[in-house]
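Letter by letter, the chains look like this.
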Amino acid sequence: MFTTLARIIKYGFQNFWRNNLVSFATILVLLLAVVVFQGMVIFGEIGKQAINAVQDKIDISVYFVSNAPEDEILKLKEALLTLSEVKSVDYISKDEALELFKERHADDPTISQAIGELEENPLRASLNIKAKNPNQYSLIASFLENDSSKSVIQEVSYSQNQVVIDRLAKILSLGRRTAAVLTLAFAIVAIIISFNTILLAIYSNKEEIGIMRLVGASNAFIRGPYIIVGVIYGIIAVLLAMILSAPFIYAASPYVAVFIPGMSLWGFFMGSFFKLLGYNLLFGVGIGVISSVIVIRKYLEV
Amino acid sequence: MITFSNVSKTYNHHEVLRDVSFKIEPKEFVSLVGRSGAGKSTLVRLLIGEDKPDKGRIVFGPYEINKLQSQELPAVRRHMGIIFQDFKLLPRKTAYENVVFAMEVAGRSEEDIEEAAPQALELVGLGKKMSNYVHELSGGERQRVAIARAMVNQPDVIIADEPTGNLDPVNTWGIINLLLKINELGTTVLLATHNKDIVNQLERRVISLDDGMIIRDEDKGKYILT
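Residues numbered from 1 in each chain as written. Chains lettered and ligands numbered in written order. Predicted model: local features only at pLDDT ≥ 70, side-chain atom pairs only at ≥ 80, totals over all residues.

Draft legend 1. Fine view of the overall build of chain B. The helix and strand inventory of chain B stands at seven helices and 10 strands. On C-alpha atoms alone, chain B measures out to a radius of gyration of 17 Å, which is about the 17 Å that the 2.2 N^0.38 rule sets for 226 residues. By principal-axis analysis of the C-alpha atoms, chain B measures approximately 45 × 40 × 30 Å. Per-residue burial for chain B yields a buried fraction of 47% across its 226 residues. In chain B, of all internal contacts separated by at least 6 residues, the share reaching a separation of at least 24 is 65%. (Helix = DSSP H or I, 4+ residues; strand = E, 2+ residues; numbered from the N terminus. Rg over C-alpha atoms; globule rule 2.2 N^0.38 Å. Buried ≥ 20, exposed ≤ 12 C-beta atoms within 10 Å, placed from the backbone. Contact = placed C-beta atoms within 7 Å.)

Draft legend 2. How the structure looks around the overall build of chain A. Check the secondary structure of chain A and you find 11 helices and four strands. Here the C-alpha radius of gyration of chain A, 30 Å, is well above what a compact globule of 302 residues would show, namely 19 Å. Here the C-alpha coordinates of chain A stretch approximately 100 × 40 × 35 Å along the principal axes. Buried residues in chain A amount to 26% of all 302 residues.

Draft legend 3. Local environment of the packing of helix H9 (residues 219–259) of chain A against helix H11 (residues 273–299) of chain A. Residues and elements named next belong to chain A. Contact pair H9 / H11: the axes reach a minimum separation of 8 Å and the direction vectors enclose 150°. With respect to their mutual orientation, H9 and H11 come out roughly antiparallel. Here the hand of the crossing between H9 and H11 comes out right-handed. Of the residues in the contact of H9 with H11, the class split is 17 nonpolar, seven polar and one charged. (Axes fitted to C-alpha atoms, helices over the stretch in contact; angles between N-to-C directions. Parallel < 35°, antiparallel > 145°, perpendicular 65-115°, else oblique. Left-handed = near helix turned anticlockwise from the far one by under 90°. Nonpolar A, V, L, I, M, F, W, Y, C, P; charged D, E, K, R; others polar.)

Draft legend 4. Focus on the sheet that holds strand E2 (residues 14–24) of chain B. All names here are of chain B. One open sheet holds the four strands; their spatial order is E2-E1-E4-E5, and the pairing between them is antiparallel. Every interior strand has two partners, whereas the edge strands, E2 and strand E5 (63–64), have only one. With five bridges connecting them, strand E1 (residues 2–11) and strand E4 (residues 55–60) associate as antiparallel partners. In the strand pairing of E4, Thr3 is matched with Val59. (Pairing = 2+ DSSP bridges.)

Draft legend 5. Structural context of the environment of Tyr91 of chain A. All names here are of chain A. As for its position among the elements, Tyr91 is in strand E2 (residues 86–92). Of the residues examined, Tyr91 has 15 C-beta atoms within 10 Å and is grouped as partly exposed. In contact with Tyr91, not counting residues within four places along its chain, are Ile73, Leu74, Lys77 and Leu127.

Draft legend 6. A look at the sheet that holds strand E8 (residues 188–193) of chain B. All names here are of chain B. Read across the open sheet, the six strands follow the order E6-E7-E8-E3-E9-E10; overall the sheet is mixed. Either end of the sheet is taken by a strand with one partner, and the two such strands are strand E6 (80–84) and strand E10 (213–218). Each adjacent strand pair in this sheet contributes to an overall mean axis angle of 15°, direction not counted. Bridge analysis of strand E3 (residues 29–33) against strand E9 (residues 205–210) gives four bridges, and the strand direction is parallel. Within the sheet, the bridge partner assigned to Val33 lies in E9 and is Ser208. Strands in contact with helix H6 (residues 169–184) are E3, strand E7 (157–161) and E8; relative to E8, the strand with the most contacts, it is inclined by about 155°.

Draft legend 7. Spatial organisation of the domain arrangement of chain B. Residues and elements named next belong to chain B. In terms of domain boundaries, chain B breaks down into domain 1 (1–79 + 155–226) and domain 2 (90–154). Computed over C-alpha atoms, the centres of domain 1 and domain 2 are 24 Å apart. In this complex, domain 1 contributes 12 residues to the contact, which on the side of domain 2 involves 10 residues. Residue contributions to the side of domain 1 that touches domain 2 peak at five residues, all from H6. Across the side of domain 1 that touches domain 2, the residue classes tally to seven nonpolar, four polar and one charged. (Domains from an automatic or database assignment.)

Draft legend 8. Up close: unusual backbone geometry. Residue and element names in this part refer to chain B. Positive phi values are uncommon outside glycine, yet Lys27 reaches one of about 75°. Residue placement: Lys27 occurs in the loop between E2 and E3. Residue classification places Lys27 among the partly exposed residues on the basis of 14 C-beta atoms within 10 Å.

Draft legend 9. A look at the environment of Ser204 of chain A. Residues and elements named next belong to chain A. Within the element layout of this structure, Ser204 appears in the loop between helix H7 (158–203) and helix H8 (206–215). On the basis of neighbour counts, which here come to 12 C-beta atoms within 10 Å, the residue Ser204 falls in the exposed class. Along the primary structure Ser204 and Ser93 are separated by 111 residues, whereas in three dimensions their C-alpha atoms are 76 Å apart.

Draft legend 10. Broad picture of the nonpolar core. Residues Val34 of chain A together with Val99, Leu121, Ala148 and Ile158 of chain B are the most contacted members of the largest nonpolar core, which totals 108 residues. Among the elements that line this core, the one with the most residues is H9 of chain A, at 12 residues. Dropping the residues within four chain positions of it, Ala148 of chain B is found in contact with Val99, Ala120, Leu121, Leu123, Val124 and Leu126 of chain B. In terms of nonpolar packing, the next biggest core, distinct from the first, is built from 16 residues, Ile60, Ile129, Ile140 and Leu144 of chain A among them. (Core = buried A, V, L, I, M, F, W, Y, C linked by C-beta atoms within 7 Å.)

Draft legend 11. Broad picture of the interface of chain B and chain A. Contact residues are listed per partner, giving 16 residues for chain B and 14 residues for chain A. Counting only elements with at least two residues in the side of chain B that touches chain A, the list comes to helix H2 (73–77) and helix H3 (95–105) of chain B. Tallied by class, residues from the side of chain B that touches chain A come to eight nonpolar, two polar and six charged.

Draft legend 12. Geometry of the packing of helix H2 (residues 20–57) of chain A against H11 of chain A. Residue and element names in this part refer to chain A. Where H2 meets H11, the axes come as close as 10 Å, and the angle between the chain directions of the two elements is 140°. One finds that H2 runs oblique with respect to H11. In the crossing of H2 with H11, the sense of the turn from one axis to the other is right-handed. Residue-level contacts link Leu30, Ala33, Val34, Phe37, Gln38 and Val41 of H2 to Leu276, Tyr279, Asn280, Phe283, Gly284, Ile287 and Gly288 of H11.

Draft legend 13. Summary view of the pairing of E9 of chain B. Residue and element names in this part refer to chain B. Bridge count for E9 against E10 is five bridges, and the pairing is antiparallel. Looking across to E10, one finds that Leu209 is bridged to Ile214. Count of turn residues in the E9/E10 antiparallel hairpin: two residues, of which Asp211 carries a positive phi of about 50°.

Draft legend 14. Spotlight on the environment of Val41 of chain A. Residue and element names in this part refer to chain A. Its place among the elements puts Val41 in helix H2. Placed 43 residues apart in sequence, Val41 and Ser84 show a C-alpha to C-alpha distance of 29 Å. When neighbours within four sequence positions are excluded, Val41 is seen to be in contact with Leu276 and Tyr279.

The structure is reproduced here in structure tokens:
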């Protein structure tokens, strides 16, 4: 068993090396497929970060009447947190609201002076609510409409921002679906091209496969080396893709940061290097092996 | 050892073999003769399981060839040494590697291979060209490699389909002498040929085919097709 495996591996490397022109061409095509796949993974991450950045900016605020008891507000906060749609609820008391206001206008002496002259805090306590999904804000708003704390609520920002929030939710959802469809389309194109390249590579060995069968080679003995070659193609294509794409990612990183503040493409690439390598290997080696298995099967039916 | 019982085969409405029956015993040297298109190669293809008969039974040792599944054939072919007119060598391998490949697929040990593969090549006179790739060898040398590969696993039978068809007279007799030597060592040989001179000089059993039918089966026969 071990001897047979060792022989299969030996023939795999031998086929790869002695068929060097075909190997080179196949690796080149696989390399392009892996680069496309890796691009999809990276752009998927950029898209996710962009969507998250926009999503993080969406929230609804509940403003309370000035004499609303704090325990009533906190009770509402607890009730909101029990909703499955709610991601987070931040309570900002009247005093905290005033402090934030002062901080925000510290550079403006007129406002600072006006605040100093006030006898009473005119700001209202509020709850800032973030939903897990932008299209869930209407559900949270209707919960607030029907809650027993309604009497202490002065205003809910959702009704004012409803159109914007709904539109953003639709755009984000469309963005996600478009990304998924594009990813699938590119993956299918990459797989078809790679499959056909491997089909042609093995087709050129069709006669050899027939000879091996005549000599008495079992299907596993014939198939095995082609699978090994598929693995070698995949590994080399993936390593080349990672090495060749690194300088481009490094160069593009500052430009991406302009569009998505806080996003470091290079940081993501380096931080997810092994994850990316794993995905790429799964894709590249997967295509190499699966294509080989499918193609060789056709010639083993003789 | 080999039995054909009422075997028929049709390709594109043309009956290539008609009700063919014969038996070959162990250690026999049998020439299968006939004009081009007489059915010799079809008979060989059916015997090695490359095709199935429409009718009849083909038995080789314990195997009923016509009933074997595709995945069962490799094991049977390891008991056969097959030689073709176009050599059918693995083109990206050396003479030595071609012989070794046949041994490796048969599961022979490394020690065995290291001993028997050079011996087989020495026997066919290619001791000095073991490291040559197939494209570096002449037609006669390629056929010698094919013979070394066919005999190295000590098969029960050598099946040679027009092995000298692409060779000059000197190489032709070199190959025939090798087949005779293999037969003397106890291996059955089935030689499909339309070379009259060879058959007539061999003075061995001759099965003559014409238009898909056996017209003659004689011990120490001659090449007669009428």
